[in-house]
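Residues per chain, in single letters:
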Amino acid sequence: MPAYQQVKQQQQQATPVASIEIMQHKVTILESRLPETAIPLWLIDCPALYDRAGNPYVNEMGHSWPDNAERFALFCHAIVSIALDNAQLEWQPDILHCNDWHTGLACALLENETVRPKTIFTIHNLAYQGLFSREDFLALKLPEYLWSFESIEYNGQMSFIKAGIVYADRVTTVSPTYAREIQTPQYGAGLHELLKYHAGKLSGIINGVNEEEWNPAADKKIASNYSANNIENKQNNKLSLQKEFGLAADLQAPLFSVVSRLAEQKGIDLILSIINEIVDNQAQLIILGAGEKQMESAFLAAAKMYPNNIAVNIGYNEKLAHKITAAADFFLMPSRYEPCGLNQMYSQRYGTIPVVRRTGGLADTVIDSNDKDHTDNHTGIVFDEDSREGLSGAFKQALVLFSNPSIFKKIMINGMQQDFSWKKSALAYIDLYKT
Ligand code: ADP
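To start, this report covers the structure provided alongside it.

### Considerations on the pattern of salt bridges
Oppositely charged side chains can pair when the atoms bearing their charge come close.
Thinking step 1. What the rule picks out here adds up to 17 salt bridges.
Thinking step 2. Between aspartate 67 and arginine 52 there is a salt bridge whose closest N-O contact spans 2.8 Å. On the criterion of sequence distance, the pair formed by aspartate 67 in the loop between α2 (47–50) and α3 (68–83) and arginine 52 in the loop between α2 and α3 is long-range, its members being 15 residues apart.
Thinking step 3. Salt-bridge contacts for lysine 238 lead to aspartate 329; the nearest nitrogen and oxygen are separated by 2.6 Å. Separated by 91 residues along the polypeptide, lysine 238 in helix α9 (residues 234–244) and aspartate 329 in the loop between α13 (318–327) and β14 (330–333) bring together distant segments of the chain.

### Section: the pairing of strand β15 (residues 353–357)
Thinking step 1. Within β15, 5 of the 5 residues are buried, leaving the element largely enclosed by the surrounding structure.
Thinking step 2. Neither face of β15 is left uncovered, since the one carrying Ile353, Val355 and Arg357 and the one carrying Pro354 and Val356 both have all their residues buried.
Thinking step 3. Inspection of the sheet shows β14 paired to β15 by 4 bridges, in the parallel sense. Bridged to leucine 332 within β15 is valine 355.
Thinking step 4. Regarding topology, helix α14 (residues 343–349) serves as the crossover connection from β14 to the parallel β15, and that connection is right-handed.
Thinking step 5. Summarising the sheet, β15 and strand β16 (residues 381–383) pair through 3 bridges and their orientation is parallel.

### A look at helix α18 (residues 422–434)
Thinking step 1. Helix length check: α18 (13 residues) gives 18 Å between terminal C-alpha atoms against 18 Å at 1.5 Å per residue, within 8%.
Thinking step 2. Three or more residues of α18 are buried, namely Ser425, Tyr429 and Leu432. For α18, the arc enclosing every buried residue in end-on projection is 55 degrees, short of the 170-degree limit, so these residues lie on one face. Every exposed residue of α18 that faces more than 90 degrees away from the buried side is listed here: Lys423, Lys424, Asp431 and Lys434.
Thinking step 3. Where α18 is buried, its residues meet β4 (95–99), β5 (118–123), β9 (170–173) and β10 (202–204).

### Remarks on the side chain of glutamate 277
Thinking step 1. Relative to the helices and strands, glutamate 277 resides in helix α11 (residues 275–280).
Thinking step 2. A polar contact of 2.9 Å, which involves the side chain of glutamate 277, links it to the side chain of serine 392.
Thinking step 3. The residues contacting glutamate 277, other than those within four sequence positions of it, are Arg388, Ser392, Phe395 and Lys396.

What counts and what doesn't
Residues numbered from 1 in each chain as written. Predicted model: local features only at pLDDT ≥ 70, side-chain atom pairs only at ≥ 80, totals over all residues. Heavy atoms only, no water. Salt bridge = Lys/Arg side-chain N within 4 Å of Asp/Glu carboxyl O. Helix = DSSP H or I, 4+ residues; strand = E, 2+ residues; numbered from the N terminus. Buried < 20%, exposed > 50% of the residue type's maximum accessible area, 1.4 Å probe, protein only. Pairing = 2+ DSSP bridges. Right-handed = clockwise from strand over helix to strand, strands pointing away. Expected span 1.5 Å × (residues − 1). Arc of directions from axis to C-beta. Contact = heavy atoms within 4.5 Å. Polar contact = N/O pair within 3.5 Å; in protein donor to acceptor, adjacent residues only side chain to side chain.

Put into structure tokens, the structure is as follows:
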């Protein structure tokens, strides 16, 4: 990975193992280990491009770094150099697995090499495509044949994600449903025809979750530990959080929760549209999130108007995310699209019933309580319609479940027994690597 400033600070023991020149920059390869493993980690150190404050992709104002084309083209050249054993590391991979647009160009640059690793390109979110101008393309001195409709040109721009999709030997996404959805105009972000064309090499593998970090039996961040065997203890978490947020400490009030970026993608406006219904039904809602200012203010206003029912924390807070996941009865995730999604899996591990829209990874990991094909294995509530009515119907379904303790408990326990391990996902990747 690029030697971003924060990575370098955390990896001070990394040692230089090679030095190469790329695009007129002197680039050092630093060697370290992935934390708590023996797996080598190579950091591509080019201070002029990566050693800067802010996040890897955007500056402190939240705008893309103006030199992102150069930053990630250089990174791709470094990948290619390692992949072809040209980087003095005396090692060549069998498979190069690239993630997201930042690495897409590496697949294109390897295309014509005779002795090269096989390439896999994984799309985590198709909305982010790495689009740059013709001027950027020229400045990168890429071969002119890449500038074509069949290659990386996209509507007069250079598309890094297209480079990955067109040239990788295999393309994956982070859930099987998202892999199908992105071949349709609704979800394809302008690339559905291209993805349909490449359907033969496209598949989806769901992400796993960190089962140590998200384990209600051992989680130190929550008030009271519990498992499927002593699920009653979950209620201590509910009471504790209701008190912390100044809501009525009432086990009979169904507690809904949200931990999310506040963005249109996540269907947050749909949640805002059912606030009155939540209040009218004496339910409670706790929201933890940050993002679009308009949504933040709308939740703050709702919490002010209905302090007994609605509570909000604007910000990013991992400890609180754990406490909410442990405390709530239901977790709301009405996403418009969701490549994989993690919270619906965390909540199932915590016996918190997810209420999700049937899209992407949500459709693949939650079984609706009305699903007649899986009568013994319901794990949540799944609705179809991307509208207030859709979420409202799911909310009513949740209230019915809550009023039926034996079915409610069965669904909680079903969720807790699901296998969302990385082991399962890793086996699927190994199968793919073998093809
Ligand atoms: P996305 O990557 O699209 O934001 P995911 O569900 O795949 O959505 O992953 C989001 C991750 O970030 C989850 O682990 C979620 O718990 C966490 N998260 C999102 N917002 C917050 C927040 N405000 N505080 C703490 N954790 C958050």
